[in-house]
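Coordinates in review
Letter by letter, the chains look like this.
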Amino acid sequence: NRDDFIAAAKSLFASRGFDGVTMRNIADALGLTQAALYYHFTSKDELYLAVLERTAEGTIANLKAAVKSHRKPVARNSARRFTRIRTEAASFSGR
């Protein structure tokens, strides 16, 4: 399912970087054909963007929880992570 694709891609992108990963690598990690992966994501760029969006969603949820509970170190770490993700997303969209 889509969540599995995103999780596998996230792991590979994290360990190899965007340029070090192919759709074949992701399909192989999932035990699927490339055609099955392309059915859900038309390109590596689209899948990478889905990974970034999912990561940003998690970070936003963490930020909200940190603000609600007033745990300042958690909020600072989450804010740094969110800033890094936003910077990466902005550079990605400029490809």
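As a starting point, this report considers the structure included with it. Because the structure is a prediction, the values reported are computed rather than measured.

Right, let's get into the nonpolar core. Counting 17 residues, the largest nonpolar core has Phe-13, Ile-26, Leu-37, Phe-41 and Leu-47 as its most contacted members. Those elements giving two or more residues to this core turn out to be α1 (2-16), α2 (23-30) and α4 (44-69). Apart from residues lying up to four places away in sequence, Phe-13 is in contact with Phe-18, Val-21, Ile-26, Lys-44, Tyr-48 and Val-51.

Turning to the pattern of salt bridges, a few remarks are in order. Per the counting criterion, the structure on display carries two salt bridges. Notably, a salt bridge pairs Arg-54 with Asp-3, separated by 2.9 Å at the nearest N-O pair. With Arg-54 in helix α4 and Asp-3 in helix α1, this residue pair connects regions lying 51 residues apart in the sequence. On the basis of relative accessible area, Arg-54 is assigned to the partly exposed category, the value being 34%. According to the relative accessible area criterion, Asp-3 is partly exposed, its value standing at 43%. Counted as one network, the salt bridges with shared partners bring together Asp-3, Arg-54 and Glu-57.

Moving on to the side chain of Lys-44. The topology assignment puts Lys-44 in helix α4. With no salt bridge to any partner, buried Lys-44 finds its closest opposite charge in Asp-19, at an N-O distance of 4.9 Å. Separated by 2.7 Å, the side chain of Lys-44 and the backbone oxygen of Val-21 make a polar contact. Those residues in contact with Lys-44, other than ones at most four positions away along the chain, are Phe-13, Phe-18, Asp-19, Val-21, Thr-22 and Met-23.

It is worth spelling out α2 at this point. By the burial criterion, the buried members of α2 are Met-23, Ile-26 and Ala-27. Taken down its axis, α2 places every buried residue within 100 degrees of arc, on the same side. Opposite the packed face of α2, turned more than 90 degrees from it, sit the exposed residues Asp-28 and Ala-29. Structurally, α2 contributes buried residues whose contacts are with α1, α3 (34-40) and α4. Downstream of α2 by a residue or two, Gly-31 has a phi angle that is positive, lying close to 75 degrees.

Under the counting rule described, the total for this entry stands at four aromatic pairs. Judged by centre distance (6.2 Å) and plane angle (75 degrees), the ring pair of Phe-5 and Phe-41 falls under edge-to-face. In this pair, Phe-5 is assigned in helix α1 and Phe-41 in the loop between α3 and α4, connecting sequence segments 36 residues apart. Summarising the burial analysis for this pair, Phe-5 and Phe-41 share the class buried. Their ring planes at 85 degrees and their centres at 4.8 Å tell us that Phe-13 and Tyr-48 sit as a pair that is edge-to-face. Linking Phe-13 in helix α1 with Tyr-48 in helix α4, this pair joins segments that are 35 residues apart in sequence. According to the relative accessible area criterion, Phe-13 is buried, its value standing at 7%.

Parameters at a glance
Residues numbered from 1 in each chain as written. Predicted model: local features only at pLDDT ≥ 70, side-chain atom pairs only at ≥ 80, totals over all residues. Heavy atoms only, no water. Core = buried A, V, L, I, M, F, W, Y, C linked by side-chain atoms within 4.5 Å. Buried < 20%, exposed > 50% of the residue type's maximum accessible area, 1.4 Å probe, protein only. Helix = DSSP H or I, 4+ residues; strand = E, 2+ residues; numbered from the N terminus. Contact = heavy atoms within 4.5 Å. Salt bridge = Lys/Arg side-chain N within 4 Å of Asp/Glu carboxyl O. Lys, Arg positive; Asp, Glu negative; His and termini not counted. Polar contact = N/O pair within 3.5 Å; in protein donor to acceptor, adjacent residues only side chain to side chain. Arc of directions from axis to C-beta. Phe/Tyr/Trp six-rings, centres within 6.5 Å; stacked < 30°, edge-to-face > 60°.

Don't take any of this as a statement about function, it's just geometry.
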